[in-house]
Amino acid sequence: MPRTIDWVDGRLEVVDQTVLPSVRVRVLGTPGELVEAIRCLVVRGAPALGVAGALGVALAARETGVTEARLRAQARVLARARPTAANLAWGVGQALAAWPHGPEAVLAAALRIRDEDIRSCRSIGAHGADLLRSLLPDRPVLRLHTHCNAGALACVEWGTALGVVRSLHAAGGVDYVVVDETRPLLQGARITALELAEAGIRHRVVVDGAGPSIVARGLVDAVVVGADRIAANGDVANKIGTYPLALAAARAGVPF
């Protein structure tokens, strides 16, 4: 599986999320093309959007005859391409802050964000795997449940919540994964299932409404999901369908 988003020869290469499970890489050469790709969900996933925002500014900064006024105008359009995506505006701002040092500094800042996402996901995977082992010491091989997509295709590579699953699998610690289909766009059925298949992890896709019943029947040992946002008080906001799984896990005494 190629990286979800990357900088190659002065342009962006992105995996087109709209045609999954078919894997097609699109090349984006201008900030306008990136804006359209974000609006059409060609690029999706909070971490990936943060990297996209930074690399989009790098594209704009390298255009012939660019001025600070034009760069800032393009950055505003880019940041507003997905108004609900906090990571997108953050990535734009991080790269734009390097503009006083020139286009190459902007690109370097964007690439640092890309590389940090990769490092962070690997770290999340390792720590999450250790946490699950500590919570379930009597179960060397785990049956897991997930919702939506928090894998490599929502980031640059590896993933966050699904990165935990991948890390466990690499150590021989996963029996199977139950994947909610995740309506209305079927990120679970189209994307998470694809990633698990690519990784050789046994899995089964179920309708969203079956998820809480599967937890209640004791068919999974833990629920692992992503978080679109975590508030200062610890509250979590995530894809609709996460809350019923949380309630079921709490009732069944299953780690969530």
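Notes on the structure in this doc start here. Everything numeric here is computed off the predicted structure, so don't read it as measured data.

### Quick look at the layout of surface pockets
Next up, step 1: Counted as a void, the second largest pocket has a volume near 180 Å³.
Next up, step 2: For the lining of the second largest pocket, the secondary structure elements donating two or more residues are β5 (174-180) and β6 (203-206).
Next up, step 3: Considering each element in turn, the lining of the second largest pocket owes the most residues, three residues, to β6.
Next up, step 4: Here the lining of the second largest pocket is composed, by residue class, of five nonpolar, one polar and three charged.

### Looking at the pairing of β6
Next up, step 1: Bridge count for β5 against β6 is four bridges, and the pairing is parallel. Its bridge partner lying in β6, valine 177 is registered against histidine 203.
Next up, step 2: Taken together, β5, helix α7 (residues 187-199) and β6 form a β-α-β motif whose crossover is right-handed.

### Some details on the packing of helix α1 (residues 31-39) against helix α2 (residues 46-61)
Next up, step 1: One way to put it is that α1 packs onto α2 with a least axis distance of 9 Å and a crossing angle of 160°. By the angle between their axes, α1 is roughly antiparallel relative to α2. The handedness of the crossing between α1 and α2 is left-handed. On α2, the residues that touch Pro31, Leu34 and Ile38 of α1 are Leu49, Ala52, Gly56, Leu59 and Ala60.
Next up, step 2: Of the residues belonging to the contact of α1 with α2, the class tally is seven nonpolar, one polar and no charged.

### Examining α1
Counting along an α-helix, one turn takes 3.6 residues, and residues three or four places apart therefore face a common direction.
Next up, step 1: Pro31, Leu34, Val35, Ala37 and Ile38 are the residues of α1 that are buried. Buried residues along α1 cover an arc of 165° about the axis, so they all sit on one side.
Next up, step 2: Buried residues along α1 sit in contact with β2 (11-15), β3 (25-28), α2, α3 (68-79) and α4 (86-96).
Next up, step 3: Phi for leucine 41, located one or two positions after α1, is positive at around 70°.

### Some words on the sheet that holds β6
Next up, step 1: Across the sheet, four strands lie side by side as β6-β5-β4-β7; this open sheet has parallel pairing. Of all the strands in the sheet, the pair left with one neighbour each is β6 and β7 (222-223).
Next up, step 2: When strand β4 (residues 142-146) meets β7, the two strands line up parallel, connected through two bridges. For leucine 144, the partnering residue across the bridge sits in β7 and is alanine 222.
Next up, step 3: Packed onto the sheet, α7 meets β4, β5 and β6 and runs at close to 165° relative to β5.

### Section: the pattern of salt bridges
Side chains carrying opposite charge are able to pair once their charged atoms draw close together.
Next up, step 1: By the definition in use, this model includes 16 salt bridges.
Next up, step 2: Close ionic contact of arginine 72 with glutamate 68 constitutes a salt bridge, the shortest N to O distance being 3.0 Å. Taken as a pair, arginine 72 and glutamate 68 lie in helix α3 at a separation of four residues, close to a single helical turn.
Next up, step 3: Among the residues examined, glutamate 68 registers a relative accessible area of 41% and is labelled partly exposed.
Next up, step 4: The partner of arginine 202 in a salt bridge is aspartate 175, with the nearest N and O atoms 2.4 Å apart. You can see arginine 202 sitting in the loop between α7 and β6 and its partner aspartate 175 sitting in strand β5, a full 27 residues away along the chain.
Next up, step 5: In this structure aspartate 175 comes out as partly exposed when scored by relative accessible area, which is 28%.
Next up, step 6: Among the charged side chains, a salt-bridge network with shared partners connects Arg3, Asp6, Arg114, Asp115, Arg122 and Glu157.

### What about empty space enclosed by the protein?
Next up, step 1: Per the stated rule, a full pass over the model turns up one cavity of 30 Å³ or more.
Next up, step 2: Approximately 40 Å³ is the volume found for the largest cavity.
Next up, step 3: Thr146, His147, Cys148, Asn149, Ala150, Gly151, Ala161, Leu162, Thr192, Val225 and Gly226 are the residues that line the largest cavity.
Next up, step 4: A breakdown of the residues in the lining of the largest cavity according to their chemical character gives five nonpolar, six polar and no charged.

### Let's talk about the sheet that holds β2
Next up, step 1: Spatial strand order, β1-β2-β3: three strands in an open sheet with antiparallel pairing. A strand with exactly one partner marks an edge of an open sheet, and here the two such strands are β1 (5-8) and β3. Ignoring strand direction, the axes of neighbouring strands in this sheet form an average angle of 25°.
Next up, step 2: Strands in contact with α2 are β1, β2 and β3; relative to β1, the strand with the most contacts, it is inclined by about 25°.

Rules and cut-offs
- Residues numbered from 1 in each chain as written.
- Predicted model: local features only at pLDDT ≥ 70, side-chain atom pairs only at ≥ 80, totals over all residues.
- Heavy atoms only, no water.
- 1 Å grid on protein atoms, 1.4 Å probe; cavity = no way out; pocket = protein on both sides within 12 Å on 5 of 7 lines; lining within 4 Å.
- Points joined across faces, edges and corners; volume = space filled by probe spheres on them.
- Helix = DSSP H or I, 4+ residues; strand = E, 2+ residues; numbered from the N terminus.
- Nonpolar A, V, L, I, M, F, W, Y, C, P; charged D, E, K, R; others polar.
- Pairing = 2+ DSSP bridges.
- Right-handed = clockwise from strand over helix to strand, strands pointing away.
- Axes fitted to C-alpha atoms, helices over the stretch in contact; angles between N-to-C directions.
- Parallel < 35°, antiparallel > 145°, perpendicular 65-115°, else oblique.
- Left-handed = near helix turned anticlockwise from the far one by under 90°.
- Contact = heavy atoms within 4.5 Å.
- Buried < 20%, exposed > 50% of the residue type's maximum accessible area, 1.4 Å probe, protein only.
- Arc of directions from axis to C-beta.
- Salt bridge = Lys/Arg side-chain N within 4 Å of Asp/Glu carboxyl O.

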